[in-house]
There are 2 protein chains.
Amino acid sequence: MNTGSELLLGTTLNTHGAWMGMELLGLGLRVQRQTTVPDGEAIITALGEAMERSDAVIITGGLGPTSDDISREAAAEVLGVDLITDEAALRSLEAFFASRGRPMAESNKKQALNPVGADILPNPNGTAPGIYAPPRMSGDRLCALFLLPGPPNELRPMFRAEVLPRLRALAGVSGDYQMQVLRCTGVGESDFHQDLDVQLNAIEGLEIGYCARPAEVDLRLIGKAEAVRKAASIAQAAFPEQCFSACDENLEQVLVRLLSEQGKKLALAESCTGGRIASRVTDVSGASQVFTHGFVTYANEAKVEMLGVPADVIERHGAVSEEVAIAMAEGALKSSGADIAASVTGIAGPTGGTEDKPVGTVWIGIAIAGKSYAVHRCHNRGREVFKQVVSQTVLDFLRRELLANSK
Amino acid sequence: MNTGSELLLGTTLNTHGAWMGMELLGLGLRVQRQTTVPDGEAIITALGEAMERSDAVIITGGLGPTSDDISREAAAEVLGVDLITDEAALRSLEAFFASRGRPMAESNKKQALNPVGADILPNPNGTAPGIYAPPRMSGDRLCALFLLPGPPNELRPMFRAEVLPRLRALAGVSGDYQMQVLRCTGVGESDFHQDLDVQLNAIEGLEIGYCARPAEVDLRLIGKAEAVRKAASIAQAAFPEQCFSACDENLEQVLVRLLSEQGKKLALAESCTGGRIASRVTDVSGASQVFTHGFVTYANEAKVEMLGVPADVIERHGAVSEEVAIAMAEGALKSSGADIAASVTGIAGPTGGTEDKPVGTVWIGIAIAGKSYAVHRCHNRGREVFKQVVSQTVLDFLRRELLANSK
């Protein structure tokens, strides 16, 4: 159950439901109902109903210090118990503020309140501790209740550390039930719905699912270890090059790992992606060992000054061209002393398109040990998707170069 | 109410709820509850409950031709009427397939079934027509029911063309109902919960809500135009500098707008944020006019080569220091010819921390027209949040410099 008026107003997209659904699936558990209610009284009614039809209810949000945060109060009312201050929670709250050198507001004290008989779930990443009320009769069934903070960076670690183990125990999930995710790029979802689908569906006790993202399709395999192993090898054989990870690594993680393994350094020269690729690479811990120079050359002068792209090449072919993409990649390689470099120049839109170079046009350049080339793509699907799809493509070209190189 | 197992498995993100919430808000209508159920029987129970507590229920999905699409059947059962084939709907179905030169499968015929007494809502973009059951007694209240197709490209046009006008008529909506979002940074959610909360709650017919994000708190004001206006001015007076947008712009949009208005150019030198700030700035359409050079100088050599930071300064004070942050900002300004520049050097973690420079330590440098300075921060909340919080801080420093400059 997700709380927060912003979810119903549409100002915030509800991603908790989907994320938790995925996590629970790993245990072979299914979400039977997801409900979103506004902040305030509505939570009490909805929670009461939910507990009467469920074995476990998970509430996200409404644990903050402000007046519209009443998940704690709602839980206490539905459970029919009082709220009392948990001293340990209060102390860790005070410690949290102290560690940030901020005074603790009076209003934060209510975040240490806990329904009698419930356990506090520690929150190392924020002020709101979680709450776990062990199973108790509700209507004609036993139901356990979890209250979790709304911010994803607080919710997700707490869900994995505190919620999953308790649910596993409650559900008596058998240990050999597992989920494996194969992540692929350069293929569409429909490519899987050919004979691969048939082969996988023939495997007993296996459940498969697909998740399509921009320039990526993730194949989810769920079942007994043996069935999952078998399915994974079939799928990898079907898409040997497109499947870039069999252990749920993302493309940037794979790339940083390959660079580390090969002791190579990377340089990036970005125009239309504006630093998105560098930012993705540096999201990976350890990137500092393999990524040295990033050039965000939005302006033509920047391409000339920072990368040594000849002004007349831009003049002659335009900034969005094969020649400039190659010159940018070679310039990045040269001025950084890296072993491999990639460049991007294109038109993200919504403006800037022309007859022969429409919005979405992009040239990707690669330079590595004495060779350089550029490829052309066009993705006119909005600025945000454009940057994501193009960065996927660039990271994949780099990955393939490094793999080819290691053979 | 959204149907579809993929929404609960987490393989598909539920965007219908947020989108419809926004559309309805335009009419001053509020979604009181959003429920997601798997395909199949669960729809009947959930729909029965929903109709007893609502004035109108909107179901998305489950109108397809396959066996797990049973929204039509569920509606008929809950309404207590039969399903009959709607001849007009059947003909337009046949026409739809004909227009695409495809034969119509037998299974598609069920898409022309309609509960007795309900109206068919035409679907120009797909095979599944929508269904509208006018208000009828359900429990102790009148409730209207809409069944809409799941695919966004079919749902959204139908929602605007068929649903909104009917709801407007049913609700007799007055036009002056509105929402305003004030976005703030540099304040915690609890800072609002002091006397500001009290003042806002005193305004009649006003509803307030808070949404906390990394280094940002959004204050949501909903009500009659006059109440919202009054509340907004009180909130802005309380946090004149922290409130960076009164029209739901994000920080990068505000910064790009200020730069454009002042005809100034920006340069960025990023170490630990690895291009995140440049990527955020270039997410804004029109950034190319104001953002010219971005330097991602992860390695010390890059700081020296690309920004002219004296090697001995790094040697003496360390890469994460006030002196290096200032030298980076000044170097970015100098080598780009921009009007204002910002730099970041820090330890994103999880490794690389030391006794006196723990993980999360960061120095932010600003250089503008003859002046430069650096500020120290520490955010040890994981690599992802670190980059987001630090980029918020940098964008906010730039915003404040430009505002001060324009006074």
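Residues numbered from 1 in each chain as written. Chains lettered and ligands numbered in written order. Predicted model: local features only at pLDDT ≥ 70, side-chain atom pairs only at ≥ 80, totals over all residues. Heavy atoms only, no water.

Selection rule: UniProt positions are given in the numbering used here, feature names are shortened, and annotations may be inferred rather than shown by experiment.
Chain A is annotated in an unreviewed UniProt entry as CinA-like protein of Oceaniferula flava. Listed in UniProt under the heading Sequence similarities (unreviewed entry), the comment for chain A reads: "Belongs to the CinA family."

## Quick look at the sheet that holds strand 17 (residues 371-378) of chain A
The condition is simple: Two strands form a pair only when DSSP identifies at least two bridges running between them. Runs of H or I in DSSP of at least four residues are treated as helices and runs of E of at least two as strands, each being numbered from the N terminus. Working convention: axes come from line fits to C-alpha atoms, limited for helices to the stretch in contact. Angles between N-to-C directions cover 0 to 180 degrees.
The ten strands lie next to each other as 17(A)-16(A)-15(A)-13(A)-14(A)-14(B)-13(B)-15(B)-16(B)-17(B), forming an open sheet whose pairing is mixed. Here the strands that pair on one side only, and so sit at the sheet edges, are strand 17 of chain A together with strand 17 (371-378) of chain B. Looking at each pair of strands side by side, their axes are set apart by 10° on average, direction ignored. Summarising the sheet, strand 13 (residues 266-270) of chain A and strand 15 (residues 340-346) of chain A pair through five bridges and their orientation is parallel. Paired with A:L268 across the two strands is A:A342, which belongs to strand 15 of chain A.

## Focus: the packing of helix 2 (residues 16-25) of chain B against helix 6 (residues 152-171) of chain B
Residues and elements named next belong to chain B. Quick note on the threshold: Angle categories: roughly parallel below 35 degrees, roughly antiparallel above 145, roughly perpendicular from 65 to 115, and oblique for all the rest. The sense of a crossing depends on the near helix, which, turned anticlockwise from the far helix by less than a right angle, makes the crossing left-handed and, turned clockwise, makes it right-handed. Throughout, a residue-residue contact means that at least one pair of heavy atoms, one from each residue, lies within 4.5 Å. Classes in brief: Ala, Val, Leu, Ile, Met, Phe, Trp, Tyr, Cys and Pro nonpolar; Asp, Glu, Lys and Arg charged; the others, Gly included, polar.
The geometry of helix 2 relative to helix 6 is characterised by a closest axis approach of 11 Å and an angle of 30° between their N-to-C directions. Judged by the inter-axis angle, helix 2 sits roughly parallel to helix 6. Seen from above, helix 2 lies across helix 6 with right-handed handedness. Of the residues in helix 6, those in contact with H16, W19, M20, E23 and L24 of helix 2 are P152, L155, R156, F159, R160, L164 and L167. When grouped by side-chain class, the residues that make up the contact of helix 2 with helix 6 number eight nonpolar, one polar and three charged.

## Some remarks on the domain arrangement of chain A
Where we set the bar: Residue ranges labeled as domains rest on an automatic or database domain assignment.
We note that the domain assignment places domain 1 (2-171), domain 2 (177-245) and domain 3 (251-405) within chain A. Relative to domain 3 of chain A, the C-alpha centre of domain 1 of chain A lies at a distance of 43 Å.

## Brief notes about the interface of chain A and chain B
Rule in force here: Here the quantity called buried area is the total loss of accessible area, with a 1.4 Å probe, experienced by two parts when brought into contact, counted for both. Salt bridge criterion: a side-chain nitrogen from Lys or Arg within 4 Å of a carboxyl oxygen from Asp or Glu. Within 3.5 Å is the distance limit for a polar contact, defined as a pair of N or O atoms, with the added protein rule that one can donate a hydrogen and the other accept it, and that residues adjacent in sequence qualify only through two side-chain atoms.
Each partner contributes to the interface: chain A provides 75 residues, whereas chain B provides 74 residues. Regarding the contact of chain A and chain B, the summed buried area is about 5,600 Å², with carbon and sulfur atoms giving 52% of it. Here chain A and chain B share eight salt bridges between them. On inspection of chain A and its partner chain B, the count reaches 32 residue pairs in polar contact (both at pLDDT 80 or more). Split into classes, the residues belonging to the side of chain A that touches chain B amount to 26 nonpolar, 31 polar and 18 charged.

## Section: the confidence of the model for chain A
Spelled out, the test is: Here pLDDT means the predictor's own confidence in every residue, given as a number from 0 to 100.
Chain-level statistics for chain A give a pLDDT mean of 88 and a share of 95% at 70 or above. For this predicted complex, the interface confidence reaches an ipTM of 0.75, while the overall pTM sits at 0.76.

## Some details on the packing of aromatic side chains
Short version of the rule: Note on ring pairs: Phe, Tyr and Trp rings are taken, using the six-membered ring of Trp, and paired if centres are within 6.5 Å. Classes follow the plane angle, with under 30 degrees stacked, over 60 edge-to-face and the rest tilted. Buried residues are those whose accessible area, probed at 1.4 Å on protein chains only, stays under 20% of the maximum for their type, while exposed residues exceed 50% and partly exposed ones sit between those limits. Two limits define a charge over a ring: the Lys NZ or Arg CZ must be within 6 Å of the ring centre, and within 35 degrees of the ring normal.
One pass over the structure, following the stated rule, counts ten aromatic pairs over all chains. Centre to centre, the rings of A:W19 and A:F159 are 5.4 Å apart; their planes meet at 70°, and the pair counts as edge-to-face. Placement of A:W19 in helix 2 (residues 16-25) and of A:F159 in helix 6 (residues 152-171) is noted, with a sequence separation of 140 residues between them. A relative accessible area of 13% means that A:W19 is categorised as buried. Here the aromatic rings of B:F96 and B:F97 are separated by 6.0 Å at their centres, their planes lie at 80°, and the arrangement is edge-to-face. Here B:F96 matches B:F97 in class, with each residue buried. Sitting over the face of the ring of A:F96, A:R100 holds its NZ or CZ atom 4.0 Å from the ring centroid.

## As for the pairing of strand 16 (residues 361-368) of chain A
Residue and element names in this part refer to chain A. Taken across its eight residues, strand 16 has eight buried, putting it largely inside the fold. What you see with strand 16 is no split at all: T361, W363, G365 and A367 on one side and V362, I364, I366 and I368 on the other are buried throughout. For strand 15 and strand 16, the ladder comprises seven bridges, and the chain directions are antiparallel. Bridge pairing links T345 to W363 in strand 16. Two elements, strand 16 and strand 17, share eight bridges in a ladder whose sense is antiparallel. Each residue of the ladder has a partner; that of I364, found in strand 17, is V375.

## As for helix 4 (residues 71-79) of chain A
Of all the positions in helix 4 of chain A, only A:S71, A:R72, A:A74, A:A75, A:A76 and A:L79 are classed as buried. Note on helix 4 of chain A: the residue one or two positions beyond its end, A:G80, has a positive phi of about 70°.

## Considering the environment of B:M137
All names here are of chain B. Mapped onto the secondary structure, M137 falls in strand 7 (residues 130-138). With relative accessibility at 56%, the residue M137 sits in the exposed group. For M137 and D396, which are 259 residues apart along the polypeptide, the C-alpha to C-alpha distance reads 54 Å.

## Focus on the pattern of salt bridges
Taken as a whole, this structure holds 41 salt bridges over all chains when the rule is applied. Note that A:R400 is salt-bridged to A:D396, the shortest N-O span being 2.9 Å. Here the residue A:R400 and the residue A:D396 both occupy positions in helix 15 (residues 383-406), the gap between them amounting to four residues, near one helical turn. The residue B:R400 makes a salt bridge to B:E241 at a minimum N-O spacing of 3.4 Å. A residue pair is termed long-range when its members are at least 10 positions apart, and B:R400 in helix 15 (residues 383-406) and B:E241 in the loop between helix 9 (225-238) and strand 12 (243-245) qualify at 159 residues. In this structure, a network of salt bridges that share partners links the residues B:R183, B:R213, B:E216, B:D218 and B:D248.

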